[in-house]
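What follows is each chain in one-letter form.
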Amino acid sequence: MQLKLKITVAAAIAAAAGVALAQDMVVKIGHVAPLSGSQAHYGKDNENGVRMAIEDLNAQSVVIGGKKVKFEIAAEDDAADPKQGTAVAQKLCDAKVAGVVGHLNSGTTIPASKIYHDCGIPHVTGAATNPNLTKPGYNTTYRIIANDLALGSGLAAYAADTMKLKKFAVIDDRTGYGQPLAEVFIREAKAKGIEIVDQQFTTDKASDFMAILTQIKSKKPDAIFFGGMDPQAGAMLRQMESLGLSNVKYFGGDGICTNELIKIAAGAKTLNNVVCAEGGASIAKMPGGTAWKAKYDAKYPGEFQIYSPYTYDATFVLADAMKRANSVEPKVYIPFITLTNFKGVTANIAFEKTGEMKNPSMTLSTYKDGKKIALN
């Protein structure tokens with residue numbers, strides 16, 4: 001009789017636990033970035049940031065609409081390709097995820113943003129910087145990093161006012177990120193009195209830049225500006241050294257401002273000539289950056305690149321809006337994203353009506369002794 005009672009009580013406890021578990025509400029957050037190809041290191045870093053955020057959110061036992069929420073990631077690979085980007089955006093729409101963090105590249109984020117808008121799912125990017133992203137005015141599109149207008153202007157000002165450089169050659173990779181960034185730099189540099197002595201084009205798949213660099217060498221620039229990503233930048237730095245362009249400075253945006261650039265440059269001394277800009281404060285100047293980075297490095301040693309603190313915060317921005325709206329339904333909580341005032345790891349995050357972040361900061365960096373160091 002006593003044994004039977006114990007079994008009955010145990011069964012009742014197990015059943016109650018099962019009911020509680022069944023009442024937990026699973027909320028899927030999509031994440032999109034290149035997880036294959038030459039830019040996979042960026043994508044993995046971004047995904048790591050989302051995974052860390054979801055782990056931390058679940059540790060908080062968040063309750064929304066009277067139910068305990070279990071957040072899960074729905075991770076997709078867009079391979080930095082616009083067509084694949086729109087395909088996975090539609091896939092996430094069809095899966096009815098509650099929100100999306102991503103994409104990485106402006107060239108994938110811009111076309112995907114229309115798909116998210118049409119299906120009513122909000123997305124927050126901590127990486128795509130093309131100003132055109134927010135121009136349609138979609139209430140589903142948000143950015144928590146400075147755009148190319150700030151980056152290009154900051155680099156031009158530093159080149160002219162601080163470094164006193166007079167002549168630039170410009171190369172861009174013709175992508176939705178690299179080309180607009182280069183155009184902003186050219187406009188702002190000319191306004192500062194800098195002469196653009198040559199302008200060349202490449203692709204985000206290229207690896208041989210000898211012909212372009214040889215042409216540029218004949219124009220004797222003080223510096224080269226590159227609108228593109230680190231796989232091409234690292235190869236370019238190696239080839240610049242072999243062509244005797246060791247004294248030419250090398251400028252670029254956040255796409256080249258990574259730790260991976262150190263590996264790709266493979267010991268080229270020209271790495272020390274790099275000046276790059278990224279939207280946001282340096283880790284040391286972020287409100288929670290130092291502690292967060294230590295936690296990240298313990299969990300994902302050697303994988304940090306640049307954007308993961310922003311994808312971490314982007315995930316929390318979505319969850320914060322859900323909590324304030326007391327709903328995980330996008331149509332209910334989207335208006336609360338616009339009213340965000342969230343103290344994140346990277347900054348205090350608030351949005352303009354356009355979806356751009358209010359008062360975004362910018363960091364200039366260089367490389368010394370094989371390490372990236374902030375200049376401001």
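For the structure given in this document, a descriptive report is provided here. (Residues numbered from 1 in each chain as written. Predicted model: local features only at pLDDT ≥ 70, side-chain atom pairs only at ≥ 80, totals over all residues. Heavy atoms only, no water.)

Description of the packing of helix α3 (residues 82–94) against helix α4 (residues 106–119)
Direction vectors running N to C along α3 and α4 enclose 25°, while the axes themselves pass 8 Å from each other. By the angle class used here, α3 and α4 are roughly parallel. Where α3 crosses over α4, the handedness of that crossing is right-handed. Contacts from Pro82, Gly85, Thr86, Ala89, Gln90, Leu92 and Cys93 of α3 reach α4 at Gly107, Thr108, Pro111, Ala112, Ile115, Tyr116 and Cys119. Taken together, the residues that form the contact of α3 with α4 break down as nine nonpolar, five polar and no charged. (Axes fitted to C-alpha atoms, helices over the stretch in contact; angles between N-to-C directions. Helix = DSSP H or I, 4+ residues; strand = E, 2+ residues; numbered from the N terminus. Parallel < 35°, antiparallel > 145°, perpendicular 65-115°, else oblique. Left-handed = near helix turned anticlockwise from the far one by under 90°. Contact = heavy atoms within 4.5 Å. Nonpolar A, V, L, I, M, F, W, Y, C, P; charged D, E, K, R; others polar.)

A few points about the state of the cysteines
Structurally, a disulfide amounts to a covalent bond that connects the sulfur atoms of two cysteines. Throughout the structure, instances matching the rule amount to two disulfides. Covalent S-S linkage joins Cys93 and Cys119, the inter-sulfur distance amounting to 2.0 Å. Between Cys93 and Cys119, the S-S dihedral sits near -55°, and the bridge is therefore left-handed. Taken together, the residues Cys93 in helix α3 and Cys119 in helix α4 connect sequence positions 26 residues apart. Note on Cys119: relative accessible area 34%, which makes it partly exposed. Shown here is the disulfide that connects Cys257 with Cys276, its sulfur atoms set 2.1 Å apart. The chirality of the disulfide connecting Cys257 with Cys276 is right-handed, given an S-S dihedral of about 60°. Of the two residues, Cys257 is situated in the loop between β10 (249–252) and α9 (260–265) and Cys276 in strand β11 (residues 274–279); the sequence distance between them amounts to 19 residues. Each member of the pair, Cys257 as well as Cys276, is classed as buried. Disulfide partners in the chain, listed by the sequence order of the bonded cysteines, are 1-2, 3-4. (Disulfide = S-S within 2.5 Å. Buried < 20%, exposed > 50% of the residue type's maximum accessible area, 1.4 Å probe, protein only.)

What is shown is where atoms sit, not what they do.
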